[in-house]
Protein chains: 12
Amino acid sequence: MRVLVLNGPNLGRLGSREPLVYGDTTYDELVALCRAANPEADVRQTDDEATMIGWLHEAADSGAPVVLNAAAWSHYSIALRDACSQLTGPLVEVHISQTAAREDFRHASVVSAVATGTITGLGVDGYRLALDWLGRL
Amino acid sequence: MRVLVLNGPNLGRLGSREPLVYGDTTYDELVALCRAANPEADVRQTDDEATMIGWLHEAADSGAPVVLNAAAWSHYSIALRDACSQLTGPLVEVHISQTAAREDFRHASVVSAVATGTITGLGVDGYRLALDWLGRL
Amino acid sequence: MRVLVLNGPNLGRLGSREPLVYGDTTYDELVALCRAANPEADVRQTDDEATMIGWLHEAADSGAPVVLNAAAWSHYSIALRDACSQLTGPLVEVHISQTAAREDFRHASVVSAVATGTITGLGVDGYRLALDWLGRL
Amino acid sequence: MRVLVLNGPNLGRLGSREPLVYGDTTYDELVALCRAANPEADVRQTDDEATMIGWLHEAADSGAPVVLNAAAWSHYSIALRDACSQLTGPLVEVHISQTAAREDFRHASVVSAVATGTITGLGVDGYRLALDWLGRL
Amino acid sequence: MRVLVLNGPNLGRLGSREPLVYGDTTYDELVALCRAANPEADVRQTDDEATMIGWLHEAADSGAPVVLNAAAWSHYSIALRDACSQLTGPLVEVHISQTAAREDFRHASVVSAVATGTITGLGVDGYRLALDWLGRL
Amino acid sequence: MRVLVLNGPNLGRLGSREPLVYGDTTYDELVALCRAANPEADVRQTDDEATMIGWLHEAADSGAPVVLNAAAWSHYSIALRDACSQLTGPLVEVHISQTAAREDFRHASVVSAVATGTITGLGVDGYRLALDWLGRL
Amino acid sequence: MRVLVLNGPNLGRLGSREPLVYGDTTYDELVALCRAANPEADVRQTDDEATMIGWLHEAADSGAPVVLNAAAWSHYSIALRDACSQLTGPLVEVHISQTAAREDFRHASVVSAVATGTITGLGVDGYRLALDWLGRL
Amino acid sequence: MRVLVLNGPNLGRLGSREPLVYGDTTYDELVALCRAANPEADVRQTDDEATMIGWLHEAADSGAPVVLNAAAWSHYSIALRDACSQLTGPLVEVHISQTAAREDFRHASVVSAVATGTITGLGVDGYRLALDWLGRL
Amino acid sequence: MRVLVLNGPNLGRLGSREPLVYGDTTYDELVALCRAANPEADVRQTDDEATMIGWLHEAADSGAPVVLNAAAWSHYSIALRDACSQLTGPLVEVHISQTAAREDFRHASVVSAVATGTITGLGVDGYRLALDWLGRL
Amino acid sequence: MRVLVLNGPNLGRLGSREPLVYGDTTYDELVALCRAANPEADVRQTDDEATMIGWLHEAADSGAPVVLNAAAWSHYSIALRDACSQLTGPLVEVHISQTAAREDFRHASVVSAVATGTITGLGVDGYRLALDWLGRL
Amino acid sequence: MRVLVLNGPNLGRLGSREPLVYGDTTYDELVALCRAANPEADVRQTDDEATMIGWLHEAADSGAPVVLNAAAWSHYSIALRDACSQLTGPLVEVHISQTAAREDFRHASVVSAVATGTITGLGVDGYRLALDWLGRL
Amino acid sequence: MRVLVLNGPNLGRLGSREPLVYGDTTYDELVALCRAANPEADVRQTDDEATMIGWLHEAADSGAPVVLNAAAWSHYSIALRDACSQLTGPLVEVHISQTAAREDFRHASVVSAVATGTITGLGVDGYRLALDWLGRL
């Protein structure tokens, strides 16, 4: 089953970005981890909101399930939320760090209310769990 | 009279996007509706904030009136607001749905305070009314 | 088509009331403007909440469309909101000034959530647009 | 024992007004219900705040107990609250619907703190219970 | 008709507990009052949240109507609210004192929104009225 | 000099209304006190918002100074505020009690920001001081 | 009758200080105005909170009435409020400007709740009115 | 590996409790599901806060990993949070429903900040994913 | 003099529980410390709210002074507050850590307003000081 | 051991200042009480913030323990807080009254978070307990 | 020393954009001013968030100091903040206008907390000062 | 050009005061640094609000530019703000630490809105930059 695994801003720098918070797995390793969990996982990353919106439109059209780590956009991009609302397949939101244990402005995600479910704080394994869950549907 | 009719994120998918909220008029039909109201209406849509800012700069330079449906950006993009503040012609803000009857975060628009006026909840007809009003100035 | 055009407190003094905010069209001119837009427009004004509630009950009974400028009541009269909730025809809320650009307490209207749509900031033309929209339904 | 049963705005339309919320008992049936509970019940309704204030003054002068459904005024009319503060007899506040389960702005009543007690959500039976309670004092 | 009359923390001490607020009726007298109103009233009191939850589960299973005075728990025990949400029979919330006239933290009850109705401030008579209302259903 | 002295809801009952808060001067004595301070004082009282708005319109037309005790309306009637904004003469707001020492909802007056000045807590003498001040302008 | 007229920070510069807000009466003229109203008025000014507290203690001991313009301290100095609470004579708070029409942080005064009354916005005449009122007690 | 799977109030009624929200898996089926994921899973449920605190102390002593669905307690029981803070093994918080899409008071969990990670909205599968994750540590 | 020293949730684990916050004195040592300060000190601990409420009722009946460390319950258990309100002897609230220097939700205690006094941040010595103070009454 | 016992504004008037709140012990008696508890206690009082800051600097230099009753300053003087942050010895904050039971603005102290501990509501005995505690360190 | 001088949305229009707020220096003059201060200053501007994030990643990799005027993004773009958090060299935030004196939503910058320092209100000279400071490190 | 460099409470202890926050430059070194930047810099420090207000009055009279580090007063002393409002020359506010990265109560300064500009977080170099900027005017 094809699944879109969509990553938002700054996630391309995984491994070098604040490793105490995000761990030392690199983005390439993350891609490999997802592929291992689902060989048809289509893993992408962008720092550009319009590109991300386009990918979500693509998923809305195809009905493909989505794993979304919207990173910082989670906390303010209502444009992404509106794109997520159009999805016809399931959406699992993933955060690598435990956002509830960080700054106040990270506690709420505008995406969560339109996601099927959310996994936070379990590191990059969150992606694997999300793919596992989608795979069994 | 040339008028810029500028549409923000997710509006390109009008008709297929949450039709219970936004109606079943397609984006192409919206373009036609605007052209019918004003043959010189220059109707555009983008999911990219920078592109929208550029269009607003273009309007600021030409003095052209603007009809703006900033969609989700209305609720947080101060960058768009700052671009609107530079307009020298009138600006009519349009929302297809009645935002005051939806989620709390849609009740306020950071653009409204720098717009000449705002039309909400009258569906795609809001564009026609805005163009009508600008045409009579 | 008969339409009720209902105006709330202080609007009878249009033209002399804070013309920098509300323009210099007089209330009589507003009535004429509405009649020009729809000869069957029944334009009324009152400073009395009970009278306004009665007019809304009348509209609820007849099913007539309503154009409502509730003026200051918009910001606190839940009694008016409850009367509006009973309407069976469409309701277009109009404000002459751009309320979002004025004092904080004018930014929210308790009526908006039960109105079909809202037009603000386009001056007395807002009435014409509202009547135009209702006329085409 | 004479009791004033005072009803605020929009309650005269009981039965036709949002029956899913307020039930299908008509106002006339409500009057009959009150009279059945207490033949001396003096049941009145007004959409006019000044009239209601006058009735409360009348009760303050006579010492008569009051059953008050202030409807929408409950949420903002401090003028009514001040009139209630002058009552010398007991005051039972009644709401037909369960206000705590509706919009946020209906959760607080400015009248409650100066009422002896409050009954909500039990439909028009709330009036009967209030009259029963007052009758046994 | 069997009705569960459930009382929360500190209510076992009625009569000796802050009589200026709660009156001087003792808990035993309250039980008698309820039995007088409905001989099948099953009146219970507990200071233990788990016990109360269990009683509500019991009512959910039997479909019995419930009169609930959750006392202090009303203001924070979402666990009780969730238990109340499962009830299949009607639920009348009772408070002896007029909570709206006391400390701010007593003004809202997390239970109210899932109760059929609420009676406050009418003293122990609130129980009688609730039982009366349930008896007539 | 003619001055309008306008009194809002419940003030007609001065003397009998909560004398611990408002003192035992009757409304008739208040009228006499005002006349003593300014024989041309035109002292009025109403419980009806529309009547008060009409009196303020009258003052706006004549340019007469106004002494206004809007009582409970002070805390929510934006309609009165809008009427006050149209005044062309000075406006002195008076409150008999020290509102800042009472309930929270009495601490702010929506009228104050459009009044020339405000006198609170000095009892009915506040009217005399206001008339004195206006008399010396 | 000896009255203490106490002025807080920056008031010594009256006349040169923001004359659009505070008028062009100088501090010396203010002193003269107070003396004219009450030859025993003891008018003082300080920028030092401890000095002001000492003066209030002096008034508490003597029972002298106080006219207090605490200026900026009004909005935060709980130390002054506590000193005012000890006064045994009446306290009239005066503000030259209409604080309710200025920045939000000037709308509330921590002193008002422990003052007998407050006069705002009537310019330096506020002092005269306060002295007049105290003189008639 | 032994893992404690701890369930809070009302979860013993899974299957019959609001199935539209929580699904129709019964509590016994949940236990079986956990055992299938980890035969050493020790699955427990209680409506009693003290019992839950005791189980968490037991886990703190043994160092066993914990899967915790604190249900309604998540939103207010700081006592549970303090018990969780003492854990020496990892803690995965699970919610069956997507709490971010429900009432406001369910959006924040006082437990999240002291949990390793959180899984919401994936139904009873959330338990399986949590056990899977713990099993691979 | 007999004094009840009542300890709430998680305090039984003193010494092993977050020693950086609560110190390394064990609960047994705390008991000994209290007995040394007052041989009649009756020191108890429970994780069960109902048990704690029962102990407070016991104290209310006997009039015994109480030293209460309600731990996490301090921040939300209004049921405990209501039990404390019934005490007839003095109540000293103790917290081992300086709660004002910790998370925001620990800054306020719903118990404090009904306690005679409060001692925070002085470690287990707070108990000794409280017993000393009660001993000298 | 030399200890600085520092008292803030209005405390020099202890005994005559609001005795219902602060008791009837005079300031001289408070000094004697402190000296009795610790003959080397250096007890001082000032209404001047700068003087208090200087004393705290003196303590920072000498490393002497401090007992501080900052009175009204506790609620707003961040300058005092910053001075307290520099202390190298322990700091015990004392309040004579139970601040949590008084006005809302007295519930928080900006000093508490940088104090070792706080004692409130135990009257002037709070000083003795603080000195006792410091003496045993 | 090479320094990146990064400018956010609408700053390319400096000189023509609201000159009363931002001054009449053009963007080209700003570039020249920066080059004069540091010939190696690499001055860039973009209206595209992704481009700005990319530039910050570039600086994170090279360790180059950054001068950042994030303009409107300062108030909501957590994505930019996260990019700034990765910088290894110093970051000076610059705003041309005094943001604290403008609309409320401009008072806080989500970037400030992760910047070394911030300069506001000193016009385009702020850039020069920032470059001067970085040059001396 | 003579410039007043005014420092508020606790800044006289620079170097010994929380060096991790404020650095290890002593106050004497700060004075020297300012003199090096502008030999006519008149550098002063006080812990006394009245003294600071007097210095600002002196600057208002002379028209001298001011560099102000109001330290803790920045967050609450409206008296200082009012003194700053009177300045006729430019005012640069300086903070040594990056206040936006510290406690919430340090994020806003009541002085900023009336300062020409603000420099934070650049250590004592902020003074040099401010003097540099003023020197070039």
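Residues numbered from 1 in each chain as written. Chains lettered and ligands numbered in written order. Predicted model: local features only at pLDDT ≥ 70, side-chain atom pairs only at ≥ 80, totals over all residues. Heavy atoms only, no water.

Take the overall build of chain A next. The helix and strand tally for chain A stands at 5 helices and 5 strands. For chain A, the α and β elements follow one another from N to C terminus as β-α-α-β-α-β-α-β-β-α. Taking 14 Å as the expected radius of gyration for a compact globule of 137 residues, we find that chain A reaches 13 Å, a close match to that expectation. Across its three principal directions, the C-alpha atoms of chain A cover 35 × 30 × 25 Å. (Helix = DSSP H or I, 4+ residues; strand = E, 2+ residues; numbered from the N terminus. Rg over C-alpha atoms; globule rule 2.2 N^0.38 Å.)

With that settled, the discussion passes to helix H4 (residues 78–85) of chain D. Most of H4 of chain D is tucked away, with 7 of its 8 residues classed as buried. Of all the positions in H4 of chain D, only Ile78, Ala79, Leu80, Arg81, Asp82, Ala83 and Cys84 of chain D are classed as buried. Next to the buried residues of H4 of chain D lie helix H3 (49–62), strand E3 (66–69) and strand E4 (91–95) of chain D together with helix H1 (19–22) of chain F. (Buried < 20%, exposed > 50% of the residue type's maximum accessible area, 1.4 Å probe, protein only. Contact = heavy atoms within 4.5 Å.)

Let us now look at the environment of Pro90 of chain L. Within the secondary structure, Pro90 of chain L sits in the loop between helix H4 (78–85) and strand E4 (91–95). Not counting residues within four places of it along the chain, the set of residues in contact with Pro90 of chain L comprises Pro65, Val66, Thr116, Trp133, Leu134 and Leu137 of chain L.

Applying the stated rule across the entire model yields 12 aromatic pairs over all chains. Between Tyr76 of chain A and Tyr76 of chain K, the ring centres sit 6.0 Å apart and the planes meet at 75 degrees, which makes this aromatic pair edge-to-face. Residue Tyr76 of chain A is found in the loop between strand E3 (66–69) and helix H4 (78–85), and its partner Tyr76 of chain K is found in the loop between strand E3 (66–69) and helix H4 (78–85); the two belong to separate chains. Each member of the pair, Tyr76 of chain A as well as Tyr76 of chain K, carries the same accessibility label: buried. Cluster of aromatic residues (ring-pair linked, three or more members): Tyr76 of chain A, Tyr76 of chain B together with Tyr76 of chain K. (Phe/Tyr/Trp six-rings, centres within 6.5 Å; stacked < 30°, edge-to-face > 60°.)

Reading across the sheet, the 10 strands line up as E2(B)-E1(B)-E3(B)-E4(B)-E5(B)-E5(C)-E4(C)-E3(C)-E1(C)-E2(C) and stay open at both edges, with mixed pairing between neighbours. Pairing within the sheet leaves two strands with one partner each, and these edge strands are strand E2 (41–45) of chain B together with strand E2 (41–45) of chain C. Taken pair by pair, the neighbouring strands of this sheet meet at an average axis angle of 15 degrees, ignoring direction. Both strand E1 (residues 3–7) of chain B and strand E3 (residues 66–69) of chain B contribute to a ladder of 4 bridges, which runs parallel. Each bridged residue has a counterpart across the sheet, and for Val5 of chain B the counterpart in E3 of chain B is Val67 of chain B. Where helix H2 (residues 27–37) of chain B meets the sheet, its contacts fall on E1 and E2 of chain B, and the angle it forms with E2 of chain B comes to roughly 160 degrees. (Pairing = 2+ DSSP bridges. Axes fitted to C-alpha atoms, helices over the stretch in contact; angles between N-to-C directions.)

Our next topic: the relation of the copies chain J and chain G. Each of the two chain copies can be generated from the other by rotation about an axis followed by a shift along it. For the pair chain J and chain G, the relating rotation is 120 degrees, the translation along its axis is 0.0 Å, and the fit reaches an RMSD of 0.0 Å. As the rotation angle and translation indicate, the two copies are arranged about a three-fold axis. Rotation axis and chain J: the residue whose C-alpha lies nearest the axis is Tyr76 of chain J, separated from it by 4.2 Å. Mapped onto chain G, only 13% of the interface residues of chain J again fall at the interface, so the copies present different surfaces. (Least-squares fit on C-alpha atoms with pLDDT ≥ 70 in both.)

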